[in-house]
Amino acid sequence: MTNTEWQLSGNMAERYEEYLVPVIFAPWANDVIVRADLASGDSLLDLACGTGIVARLAAQSGVTATGGDINLGMLAVAKERSAGLDATFHSADAQRLPFDDESFDVVICQQGLQFFPDKLGALSECLRVIKPGGQAVFCTARGLEENPLMQAQVTAFGRHFGEETTGAIRAVCGFPDPDEMRSVFEGAGFGQVAVEKVVLDLEAEDGSAFVNGLMMATPVADRIAAMTPADRATLHDDILKGFGTWYDGSALRFPHSANVVLASRSA
Ligand SMILES: C[S@@+](CC[C@H](N)C(=O)[O-])C[C@H]1O[C@@H](n2cnc3c(N)ncnc32)[C@H](O)[C@@H]1O
């Protein structure tokens, strides 16, 4: 066991950025940015930007990036990490975007749509702020059964804290159906809607350290902090075991499965 020194440091957004972004969200950001086919000088909205990994990476290649999110803690980290880049970050609810009509060439939303209560309303807003001829690229996790990262947490947290504590992790995989995804984009008025299942092979060289970080960045982090070191060690090992053969005793290499949508606003 390596987690006897485990303690919470920083706030949730800082832990998200430190432990989850490098292994999970940065690889996905690179993938969706390539799919969006951004050109230098394009204007991008990173919707539900979190700590802004999509906006920051895009801005590094000459894109003018704007991030929007409802979580002020996430936005604070995004701003702090984007010094010197052409990237700005704003408090923005996806269902009522504080941006003018036809402001952006591209909107990317990475792992955000599943959390919007009014998906059709949010996508209508998204269409409104895209320029004619522009496009949207959305990426949303598929089901738990295809995502060992979330399944391992749901199983372990359910066992240790009760099934009712697993809702936030389940919600990550809460909008898994590609047909529903297509129909909500079409219903909002997007054209040329293409939905593709994409599986990235994610990797944490030190699987045990990654799970320690993951435990700090989950919604039950405070409950984990209150555990005895022995109970915490058992939880840590349960999460690792939950990855099954994706953990080789040292590294974690696991598939992460999502639906990726490319959709356009007609010219
Ligand atoms: C899993 S994080 C993804 C963040 C970021 N896109 C990334 O790839 O790291 C989900 C984000 O969705 C944001 N979010 C949830 N509901 C939202 C809403 N109605 N409007 C804007 N952002 C929202 C959360 O605050 C959170 O930052």
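Residues numbered from 1 in each chain as written. Predicted model: local features only at pLDDT ≥ 70, side-chain atom pairs only at ≥ 80, totals over all residues. Heavy atoms only, no water.

Per an unreviewed UniProt entry, the protein goes by Methyltransferase domain-containing protein and derives from Tritonibacter scottomollicae.

Describe in detail the overall build of the protein, supporting the description with residues and values.
Along its length, the protein carries ten helices and seven strands. Against the compact-globule benchmark of 18 Å for 267 residues, the protein has a radius of gyration of 19 Å, which places it among compact chains. Taken along the three principal axes of its C-alpha coordinates, the protein extends 60 × 40 × 30 Å. The buried share among the 267 residues of the protein stands at 55%. Sequence-distant contacts in the protein: of pairs separated by 6 or more residues, those separated by 24 or more amount to 75%. Looking at the protein as shown, the accessible area adds up to about 11,400 Å², and 50% of this sits on carbon and sulfur atoms. Taken together, the 19 basic and 36 acidic charged side chains of the protein have centroids lying 2 Å from each other. (Helix = DSSP H or I, 4+ residues; strand = E, 2+ residues; numbered from the N terminus. Rg over C-alpha atoms; globule rule 2.2 N^0.38 Å. Buried < 20%, exposed > 50% of the residue type's maximum accessible area, 1.4 Å probe, protein only. Contact = heavy atoms within 4.5 Å. Areas by Shrake-Rupley, 256 points an atom, 1.4 Å probe, with all protein chains shown as cover. Lys, Arg positive; Asp, Glu negative; His and termini not counted. Charge placed at Lys NZ, Arg CZ, Asp CG, Glu CD.)

Describe in detail the packing of helix α4 (residues 119-129) against helix α7 (residues 178-188), supporting the description with residues and values.
At a minimum axis distance of 8 Å, the contact between α4 and α7 shows a crossing angle of 50°. Compared by their axis directions, α4 and α7 come out oblique. Judged by the twist between their axes, the crossing of α4 over α7 is right-handed. The segment α4 lies against α7, with Lys119, Leu120, Leu123, Ser124 and Leu127 engaging Val184, Phe185, Gly187 and Ala188. Each residue belonging to the contact of α4 with α7 can be placed in one class, and the counts come to six nonpolar, two polar and one charged. (Axes fitted to C-alpha atoms, helices over the stretch in contact; angles between N-to-C directions. Parallel < 35°, antiparallel > 145°, perpendicular 65-115°, else oblique. Left-handed = near helix turned anticlockwise from the far one by under 90°. Nonpolar A, V, L, I, M, F, W, Y, C, P; charged D, E, K, R; others polar.)

Tell me about the nonpolar core, and name the residues and values.
Core analysis: the biggest nonpolar cluster contains 64 residues, and Ile108, Phe210 and Ile239 have the highest contact counts within it. Residue contributions to this core peak at 13 residues, all from helix α1 (residues 12-36). Not counting the four nearest positions on each side in its chain, Phe210 is found in contact with Tyr19, Val23, Ile24, Leu149, Ala204, Leu252 and Phe254. Among the nonpolar cores identified, the runner-up in size contains 28 residues, and Leu113, Leu127, Phe185 and Val193 belong to it. (Core = buried A, V, L, I, M, F, W, Y, C linked by side-chain atoms within 4.5 Å.)

Give me the lowdown on the site of the ligand, citing residues and values where you can.
The local shell around the ligand holds 17 residues, among which Tyr16, Ala48, Asp69, Ala94 and Gln110 are the closest. Between a nitrogen atom of the ligand and a main-chain N or O atom of Ala48, the distance comes to 2.7 Å. At 3.2 Å, a side-chain N or O of Asp93 approaches a nitrogen atom of the ligand. Relative to its unbound accessible area of 600 Å², the ligand is 89% covered by the protein chains. Broken down by class, the residue content of the shell around the ligand amounts to eleven nonpolar, four polar and two charged. (Near = heavy atom within 4 Å. Polar contact = N/O pair within 3.5 Å; in protein donor to acceptor, adjacent residues only side chain to side chain.)

Explain the pairing of strand β7 (residues 252-264) residue by residue, including any values.
Counting buried positions along β7 gives eleven out of 13 residues, so the element sits mostly inside the fold. Two strands pair when backbone bridges link them, and strand β5 (residues 130-141) and β7 are joined in this way by seven bridges, in the antiparallel orientation. Bridging from a neighbouring strand, Ala141 pairs with Ala258 of β7. In the sheet, strand β6 (residues 191-204) pairs with β7 via twelve bridges, with the strands oriented antiparallel. Across the sheet, the residue bridging to Ala204 is Leu252, located in β7. (Pairing = 2+ DSSP bridges.)

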